[in-house]
Amino acid sequence: MKTAMLLESIIAAAAGLALAAPAAAGEQVWQVGADYVIRSHDLDLDRPEGREALLARVDQASDKLCRAGVAKARRECAEQVRARVLASAPLRMRSALVQALGARDEVRLAGWR
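Residues numbered from 1 in each chain as written. Predicted model: local features only at pLDDT ≥ 70, side-chain atom pairs only at ≥ 80, totals over all residues. Heavy atoms only, no water.

### Focus on the packing of helix α2 (residues 48–65) against helix α3 (residues 71–88)
To characterise two packed helices, one gives the angle between the axes of the helices and the distance between these axes. In plain terms, the rule: Working convention: axes come from line fits to C-alpha atoms, limited for helices to the stretch in contact. Angles between N-to-C directions cover 0 to 180 degrees. The helix and strand labels rest on DSSP assignments: H or I over at least four residues marks a helix, E over at least two residues marks a strand, and numbering proceeds from the N terminus. Note on angle classes: values under 35 degrees are labelled roughly parallel, values over 145 roughly antiparallel, values of 65 to 115 roughly perpendicular, and the remainder oblique. Left-handed describes a crossing in which the near helix is turned anticlockwise from the far one by less than a right angle; the clockwise case is right-handed. Residue contacts are counted whenever heavy atoms from the two residues lie within 4.5 Å of one another. For this classification, Asp, Glu, Lys and Arg are treated as charged, while Ala, Val, Leu, Ile, Met, Phe, Trp, Tyr, Cys and Pro are nonpolar and the rest, including Gly, are polar.
For the pair α2 and α3, interaxial distance at closest approach is 9 Å and the crossing angle is 130°. When the interaxial angle is binned, α2 and α3 end up oblique. Our pair here, α2 against α3, has a crossing hand that is right-handed. Of the residues in α3, those in contact with Val58, Asp59, Ser62, Asp63 and Leu65 of α2 are Ala78, Val81, Arg82 and Val85. The class makeup of the residues in the contact of α2 with α3 is five nonpolar, one polar and three charged.

Here it is as structure tokens:
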């Protein structure tokens, strides 16, 4: 019972924090929550390495937003945050993230990671 309540409160808090928006002109700086900024100006989103690095930055921000709680609650919170971030990402970043997620899933299905 406590775990379910903790999970609900973490997800609710993260959902409020996960509103992502461009933090500056252009789409190279992207604010996630009140305290986290994802930068992409140094990434080539046309290359797999750049897309993978962008996805890693989104993963890091969502993990930071979901630090509290038990492992299952953190995992579910991070998934919720990632989903909200993906839904609100600028088009170029969203496209890069979708491609990176697809590549990650292919690697996992092949049993490489």
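### A look at the pattern of salt bridges
Which entries qualify depends on this criterion: In what follows, salt bridge is the name for a side-chain nitrogen of Lys or Arg lying within 4 Å of a carboxyl oxygen of Asp or Glu. Residue exposure (1.4 Å probe, protein chains only): buried if accessible area is under 20% of the type maximum, exposed if over 50%, otherwise partly exposed.
Summed over the entire model, instances satisfying the criterion amount to six salt bridges. Glu49 is paired through a salt bridge with Arg47; the nearest N and O atoms lie 3.5 Å apart. Note that Arg82 and Asp59 form a salt bridge whose closest N and O atoms lie 2.7 Å from each other. With Arg82 in helix α3 and Asp59 in helix α2, this pair connects stretches of sequence that are 23 residues apart. Classification of Arg82 by relative accessible area gives partly exposed; the value is 25%. A relative accessible area of 11% places Asp59 in the buried class.

Function-wise, these values are silent; they only describe arrangement.
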